[in-house]
Each structure stands twice: as C-alpha cells, then as structure tokens.
Amino acid sequence: MLIALPDGVEHAKRLAQRIECDLVIPELHQFPDGEVCVRIDRDALPSDVAIVGNLTHDSFLEVAFLAGTARDLGATRVGLIAPYLAYMRQDNRFRPGEGVTAQYFGKLVSSVVDWMATVDPHLHRYDSLTTVYSIPTTVVRSASSIAAWVSAEVTRPLLVGPDAESVQWVSAVAER
C-alpha cells in the first residue's frame, strides 16, 4: 500500500497504478498554531506500506506522523519513496559554526522509516547514501528517462544545470 504526501498525490497515483497496489490519500490538518494532525482513513493497514512524496522543508514531520500512524494501524515495515531528498547539499561544514544538516537529517529519517528510495540525490561529497542513512536505500537514476523524453520532445535541446555541482546530472543526460 502507498500513502501519499500532499505534494506527492499525482505521483503516488501513477505509481500505485503502475505497480498495482492500493493508494491511501491521508487527511492532513494544520491547527492555527501550525501543528500538523494526520489521519489515515482505515481501520488497519497491511504489514508493508510506503509513503510517497518529496522530502522537502517541513514534510519530515508529515512523514514521521504518517509512519507512526501506519505502525499504529498494523504496518510493520514503513518505507519512503522520496523523488526529491532534501538536506543533502549541506554535506560539509563550509564555514565555522555551520551544522552538517545532511547527517542530522539522515538520522531523523532513519529513525522513522525502515527503507527509502530516491531519485538522483545530491551525492557530491558522499560516495553513497549509506554514509548518511542507517536504513537500506535505493537510488534511482533518471538520466536515461530524461534523455529519452528530450530526444522525443525537443528538436534542438540545450541542457543547462542550476550550478556547477549539477554537471554530473546534466552530463549524464547529454551523453545519452
């Protein structure tokens, strides 16, 4: 079963259809003070579920609360399918006093889900996600899919990345 984060509903629908599994769209409510309340409209869940959506900004609390609720409803393994994985860029102390938030965030995520899959994470200074996460992780590479789309849809493509560190991804697409 898949559980969609608010920003991942359309992606979760396509994924659920493709892998032929149930999809739950939870209710998320924000109280006036900003606190989040989650509700999964089921009496019980299967033993294996995955939460689907980008892991950005404040969505970690949604993931943590949904993972806890899923476990309360019977799930024994909760995974995270996060096409975008936040906090990987701060992978070093660039100035005195800065936190290495990639490490802190990795510990937080690893404490609430049992496994994670993501697309092309920012691994500029890390060899793999195992340096940051203590759970099993799967990295999906997107270059071939993007290159196929560009080849089919764009007559004269010009590929540009947002910064110098994006060269690895842009080059992978351009080579294909």
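To keep things clear, this report deals only with the structure shown in the data block. Each chain has its residues counted from 1, following the order in which its sequence is written. Thresholds applied to this predicted model are a pLDDT of at least 70 for local features of residues and 80 or more for the giving and counting of side-chain atom pairs; totals over whole chains, interfaces and linings are not thresholded and use all residues. Side-chain figures throughout are based on the complete set of non-hydrogen atoms in the structure, without hydrogens or water.

1. Looking at the sheet that holds strand S2 (residues 23–24)
Only strands joined by at least two bridges in the DSSP assignment are considered to pair. Segments assigned H or I by DSSP are reported as helices when at least four residues long, segments assigned E as strands when at least two residues long, and all are numbered from the N terminus. One open sheet accounts for 6 strands, arranged S2-S1-S5-S6-S7-S8; its pairing is parallel. Looking along the sheet, the strands with just one partner apiece sit at the ends: S2 and strand S8 (137–140). Relative to S2, strand S1 (residues 2–4) is paired through 2 bridges, and the arrangement is parallel. Across the sheet, Leu-2 pairs through a bridge with Leu-23, a residue of S2. Contacts from helix H1 (residues 9–19) reach S1, S2, strand S5 (48–52) and strand S6 (77–82) within the one sheet, and its direction differs from that of S1 by about 165 degrees. Working rule for contacts: check all heavy atoms of both residues, and any pair within 4.5 Å makes them a contact. Convention adopted: a line fitted to C-alpha atoms gives each axis, helices being fitted over their contacting stretch, and angles between N-to-C directions are expressed from 0 to 180 degrees.

2. Quick word on the packing of helix H2 (residues 59–72) against helix H3 (residues 101–112)
At their nearest, the axes of H2 and H3 sit 9 Å apart, and the two run at 20 degrees to each other. By the criterion of interaxial angle, the relationship of H2 to H3 is roughly parallel. As for how H2 packs across H3, the hand of that crossing is left-handed. Facing Phe-60, Val-63, Ala-64, Ala-67 and Arg-71 of H2, the residues of H3 in contact are Phe-105, Leu-108, Val-109 and Val-112. Classification convention: Asp, Glu, Lys, Arg as charged; Ala, Val, Leu, Ile, Met, Phe, Trp, Tyr, Cys, Pro as nonpolar; all other residues, Gly among them, as polar. Its residues assigned to classes, the contact of H2 with H3 shows 8 nonpolar, no polar and 1 charged. Working rule for angles: under 35 degrees goes down as roughly parallel, over 145 as roughly antiparallel, 65 to 115 as roughly perpendicular, anything else as oblique. Take the far helix as the reference: if the near one is turned anticlockwise from it by less than a right angle, the crossing is left-handed, and if turned clockwise, right-handed.

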